[in-house]
Amino acid sequence: MPAWVEAGFNEYARRLPPQFRLELKEIPPSKRTGRNVEPQCRAEEGTALLKALPPHSRVIALDEHGVSLSSVDLAGHFKKWAGAGEDVTLLIGGPNGLSEECRTRASELWSLSPLTFPHTLVRVIVAEALYRGFSIYAHLPYHRA
């Protein structure tokens, strides 16, 4: 990843308190050789993502068909997560998206936007959105809308 991506992600991740620690775990993309390998790559990546899930974690998959959340909605999720004391894992698919098994395993599907973003940018957008949601939940002055 470019240095600006790591710097952006790390900036928002470090702002979150320990009880809402944001940790990035990357799964290497499947090798793409030839044409028509998208379903196979999506399945391989899905298997790797599911294997990497921590046990007993609430899984939220980022998916274009998911629910759009406002920053205030996301703050409500922080309240729910804190009250339940549950770990949350966000799944972000590779260039071909998430496998059906990943979407099925998820308890929620979250759509960042109707726009399509490059994967390098998604991790920064998610980190900022999570920090913004937390700042609303914690009544911090970061969110001014």
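As a reminder, the structure under discussion sits directly above these lines.
What comes next concerns the included structure. Residue positions are given per chain, counted from 1 along the sequence in the order it is written. pLDDT decides what is reported in this predicted model: residues at 70 or higher carry local features, side-chain atom pairs at 80 or more are listed and counted, and totals for whole chains, interfaces and linings draw on all residues regardless. In computing side-chain values, all of the structure's heavy atoms are included and hydrogens and water are not.

### Notes on the overall build of the chain
Item 1. Going along the chain from the N terminus, every DSSP run of H or I of four or more residues is numbered as a helix, and every run of E of two or more is numbered as a strand. Looking only at helices and strands, one finds 5 helices and 3 strands in the chain.
Item 2. Secondary structure elements in the chain, listed N-terminal to C-terminal, are α-α-β-α-β-α-β-α.
Item 3. Each radius of gyration reported is based on C-alpha atoms, and the globular scaling rule is 2.2 Å times the count of residues to the power 0.38. What you see for the chain is a C-alpha radius of gyration of 16 Å, in line with the 15 Å of a compact globule of 145 residues.
Item 4. The principal-axis extent of the C-alpha atoms belonging to the chain is close to 50 × 35 × 25 Å.
Item 5. Taken across its 145 residues, the chain has 37% of its residues classed as buried.
Item 6. A sequence separation of at least 24 residues applies to 78% of the contacts in the chain between residues at least 6 apart.
Item 7. In this description, accessible areas are obtained by the Shrake-Rupley approach with a 1.4 Å probe, and a residue is regarded as covered only by the protein chains that are shown. Counting only carbon and sulfur atoms, one obtains 55% of the accessible surface of the chain, whose full area is about 9,100 Å².
Item 8. Put simply, the chain has 17 plus and 16 minus side-chain charges, and the middle of one group is 3 Å from the middle of the other. Each residue's exposure class comes from its accessible area (1.4 Å probe, protein chains only) as a fraction of the maximum for that residue type: buried when under 20%, exposed when over 50%, partly exposed otherwise. Should any heavy atoms of two residues lie within 4.5 Å, those residues are counted as being in contact. Charged-residue counts in this description rest on Lys and Arg as positive and Asp and Glu as negative, His and the chain ends being excluded. To locate a charge, the coordinates of NZ of Lys, CZ of Arg, CG of Asp or CD of Glu are taken.

### Here's the deal with the packing of aromatic side chains
Item 1. Each Phe, Tyr or Trp ring (for Trp, its six-membered ring) is paired with any other whose centre lies within 6.5 Å, and the angle between the two planes then decides the class: stacked below 30 degrees, edge-to-face above 60, tilted in between. On inspection of all chains with the given rule, the structure shows 9 aromatic pairs.
Item 2. Judged by centre distance (4.8 Å) and plane angle (70°), the ring pair of Tyr131 and Tyr142 falls under edge-to-face. Taken together, the residues Tyr131 in helix α5 (residues 119–137) and Tyr142 in the segment after α5 connect sequence positions 11 residues apart.
Item 3. Judged by its relative accessible area of 10%, Tyr131 falls in the buried class.
Item 4. Aromatic ring contacts, followed pair by pair, group Phe20, Phe78, Trp81, Phe134 and Tyr137 into a single cluster.
Item 5. Think of it as a cone above the ring: NZ of Lys or CZ of Arg counts as a charge over the ring if it is within 6 Å of the ring centre and within 35 degrees of the ring normal. The cationic tip of Arg15 hangs over the ring face of Tyr131; the distance from NZ or CZ to the ring centre is 5.3 Å.

### Here's the deal with the layout of surface pockets
Item 1. A 1.4 Å probe that fits into a set of points on a 1 Å grid over the protein atoms alone but cannot get out defines a cavity; an open set with protein on both sides within 12 Å along at least five of seven lines defines a pocket, and lining residues are those with an atom within 4 Å of a point. Grid points are joined across faces, edges and corners, and a volume is the space filled by probe spheres set on the points. Space inside the largest pocket adds up to approximately 1,400 Å³.
Item 2. What lines the largest pocket is a set of 42 residues, among which Glu23, Leu24, Lys25, Thr89 and Leu90 lie closest to the centre.
Item 3. Contributing elements (two or more residues each) for the lining of the largest pocket: α2 (38–52), α3 (71–84), β2 (88–91) and α5.
Item 4. Among the elements that take part in the lining of the largest pocket, α5 stands out by supplying 7 residues, more than any other.
Item 5. Class assignment of the residues belonging to the lining of the largest pocket gives a composition of 27 nonpolar, 7 polar and 8 charged.
Item 6. Quantified by volume, the second largest pocket comes out at close to 500 Å³.
Item 7. Looking at the second largest pocket, it is lined by 21 residues, and the ones nearest its centre are Leu62, Asp63, Glu64, Thr116 and His119.
Item 8. Elements with a contribution of two residues or more to the lining of the second largest pocket: β1 (58–68), β3 (108–111) and α5. For this scheme, ten residues count as nonpolar: Ala, Val, Leu, Ile, Met, Phe, Trp, Tyr, Cys and Pro. Four count as charged, namely Asp, Glu, Lys and Arg, and the remainder, Gly too, count as polar.

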